[in-house]
Amino acid sequence: MNLYPNLSQFSSKEFALNEDPVAAQIEFRRVTKMYGPIAAVKDVSLTVRQGEFVTILGPSGSGKTTALMLLAGFAAPSSGDILISGRSVAAVPSYRRDQGIVFQSYALFPHLTVRRNLEFPLEMRGMRAADRVKRVDQMLERVHLAEFGDRMPAQLSGGQQQRVALARALIADPPILLLDEPLGALDRNLREQMQGEIKRLHREFGKTTICVTHDQEEALTLSDRIVVMRAGQIEQTDTPEALYDRPVTRFVANFLGEANILEVHDFQIETGAAQPSGTVAMVRPERVCIAGSGAPKRADAEQRQSVTGKVEDMIYAGPLRRYQVRVGGSMLIVREHVASGRQTFKAGEEVCLDWLRSDVRFVER
Ligand SMILES: Nc1ncnc2c1ncn2[C@@H]1O[C@H](COP(=O)(O)OP(=O)(O)OP(=O)(O)O)[C@@H](O)[C@H]1O
Ligand SMILES: [Mg+2]
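Keep in mind it's a predicted model, so treat the numbers as computed, not measured.

## Focus on the domain arrangement of the protein chain
Under the domain assignment used here, the protein chain contains domain 1 (7-245) and domain 2 (261-364). Centre-to-centre separation of domain 1 and domain 2, based on C-alpha positions: 41 Å.

## Points about the site of ligand 1
Around ligand 1 sit Tyr35, Ala40, Pro59, Ser60, Gly61, Ser62, Gly63, Lys64, Thr65, Thr66 and Gln104, and those are all the residues in its vicinity. Here an oxygen atom of ligand 1 and a backbone polar atom of Gly63 are 3.0 Å apart. Thr66 has a polar side-chain atom sitting 2.5 Å from an oxygen atom of ligand 1. Taking 640 Å² as the accessible area of ligand 1 by itself, protein coverage stands at 61%. Here the element with the most residues in the shell around ligand 1 is helix 2 (residues 64-72); it accounts for 3 residues. Grouping the constituent residues of the shell around ligand 1 by class yields 3 nonpolar, 7 polar and 1 charged.

## Section: the packing of helix 3 (residues 114-124) against helix 4 (residues 129-142)
Put simply, helix 3 and helix 4 touch, their axes get as near as 10 Å, and they point 125 degrees apart. When the interaxial angle is binned, helix 3 and helix 4 end up oblique. The handedness of the crossing between helix 3 and helix 4 is right-handed. Contacts between helix 3 and helix 4 pair Val114, Arg115, Leu118, Glu119, Leu122 and Glu123 from the former with Arg132, Val133, Arg135, Val136, Asp137 and Leu140 from the latter. Each residue belonging to the contact of helix 3 with helix 4 can be placed in one class, and the counts come to 6 nonpolar, no polar and 6 charged.

## Comments concerning the nonpolar core
Residues Leu118, Val164, Leu179 and Ile198 are the most contacted members of the largest nonpolar core, which totals 32 residues. For Val164, the contacting residues outside a window of four places in its chain are Leu108, Val114, Leu118, Leu145 and Leu156. Grouped together as the second largest cluster of nonpolar side chains are 27 residues, Ala24, Val31, Leu70 and Val212 included.

## Regarding the side chain of Asp180
Looking at where Asp180 falls in the secondary structure, it is placed in strand 7 (residues 176-180). Of the buried charged residues, Asp180 lacks a salt bridge, with Lys64 as the closest side chain of opposite charge at 7.0 Å. Sequence-distant contacts of Asp180, defined by excluding residues within four places in its chain, comprise Thr65, Leu68, Val102, Phe103, Gln104 and Val212.

## Quick look at the sheet that holds strand 7
A sheet is described by the order of its strands in space; here 6 strands give the open sequence 6-7-8-3-9-10, paired in mixed fashion. Each edge of the open sheet carries a strand with a single partner, namely strand 6 (99-102) and strand 10 (233-238). Within this sheet the neighbouring strands show an average axis-to-axis angle of 15 degrees, counted without direction. Across the face of the sheet, helix 2 comes into contact with strand 3 (53-57), strand 6, strand 7, strand 8 (208-213) and strand 9 (225-230) while running at roughly 150 degrees to strand 7.

## Points about the side chain of Lys207
Inspection of the secondary structure assignment puts Lys207 in the loop between helix 6 (188-205) and strand 8. Its relative accessible area of 7% is what places Lys207 among the buried residues. In terms of polar contacts, Lys207 uses its side chain to reach the backbone carbonyl oxygen of Pro174, at 2.9 Å. Excluding its chain neighbours within four sequence positions, the residues that come into contact with Lys207 are Gly51, Glu52, Leu170, Asp173, Pro174, Pro175, Leu177 and His202.

Calculation criteria
Residues numbered from 1 in each chain as written. Chains lettered and ligands numbered in written order. Predicted model: local features only at pLDDT ≥ 70, side-chain atom pairs only at ≥ 80, totals over all residues. Heavy atoms only, no water. Domains from an automatic or database assignment. Near = heavy atom within 4 Å. Polar contact = N/O pair within 3.5 Å; in protein donor to acceptor, adjacent residues only side chain to side chain. Areas by Shrake-Rupley, 256 points an atom, 1.4 Å probe, with all protein chains shown as cover. Helix = DSSP H or I, 4+ residues; strand = E, 2+ residues; numbered from the N terminus. Nonpolar A, V, L, I, M, F, W, Y, C, P; charged D, E, K, R; others polar. Axes fitted to C-alpha atoms, helices over the stretch in contact; angles between N-to-C directions. Parallel < 35°, antiparallel > 145°, perpendicular 65-115°, else oblique. Left-handed = near helix turned anticlockwise from the far one by under 90°. Contact = heavy atoms within 4.5 Å. Core = buried A, V, L, I, M, F, W, Y, C linked by side-chain atoms within 4.5 Å. Buried < 20%, exposed > 50% of the residue type's maximum accessible area, 1.4 Å probe, protein only. Lys, Arg positive; Asp, Glu negative; His and termini not counted. Salt bridge = Lys/Arg side-chain N within 4 Å of Asp/Glu carboxyl O. Pairing = 2+ DSSP bridges.

Structural data, given as structure tokens:
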């Protein structure tokens, strides 16, 4: 289902309110936000380039919403500064920051119809009533809600409310889009569709976008870069690929996908490089191969480390088999794509695991 089928009929220029697209680089300079003794955001520095899609990812309570609230001007930093296009916004009230916002719980105005919800940002910007009506009509059409303009938010489904919230954030053509768990309330299918739509809207409109989520798949799918937060601080900022392939800390390795931590007391870890102090060795489950204990050696065996273990459990996960294999005192996870001819191992079987030494990463404890 395409939620915005008419989008390509309008060029973003045609739909733009701002004649010249406004450059909107965002910069956090050592920003801290205290709530009493708690640092909800702690010494955060971050630069988001014009047109970039950055996702803030982190567990509950890690400071994601607070970071967005500071940027939107709904809260003020306790220290540090936030700059938009090179200028401090410390003295700029939220309604003058020219940002489209979708809140965590899609907070539409419950007492206003869909149409009035969409008109609100335009009214705030002083647009004439006749122009507002035209623009709202266009937008309703684009989000496939043309018949719903006179409904109240409570009379819409979750997905419909989400679309209204996105439409409202975009309608005044702001240079910056802030999305806080924009798809949090949706079921998996609708969520995936809407992810595609958000990505497409970003391609089309090129807004500088900051999106908050605790869903790692969503972050990997949508983002140019991901900021991983933990307890108010940035743990690592990188592209999705780099973050997944070269996590700096154990927390990041575990937060984005599964990680096998290789414990030295179980076996001697063979790697090309010396292990930096304070780190542990990690290998991703899909980098580990599983074979029967009597299987012949691989052609590239000298580049690989192999260990023996015992299968404790195997589950089918759609196109994957996920094994838990006991090796010494550790449980290693193996993810293998189901392919015809591949042997399936059962609980209790002795197996041989191996991986390329170059696939081992060192992450801070
Ligand atoms: N207005 C407030 N007053 C006091 N403490 C607050 C306030 N807002 C947030 N906090 C605290 O700051 C920390 C960060 O909260 P925040 O809402 O930014 O987390 P989050 O990462 O968005 O979490 P979630 O994924 O659950 O939405 C939490 O410990 C929270 O309890
Ligand atoms: Mg939040």
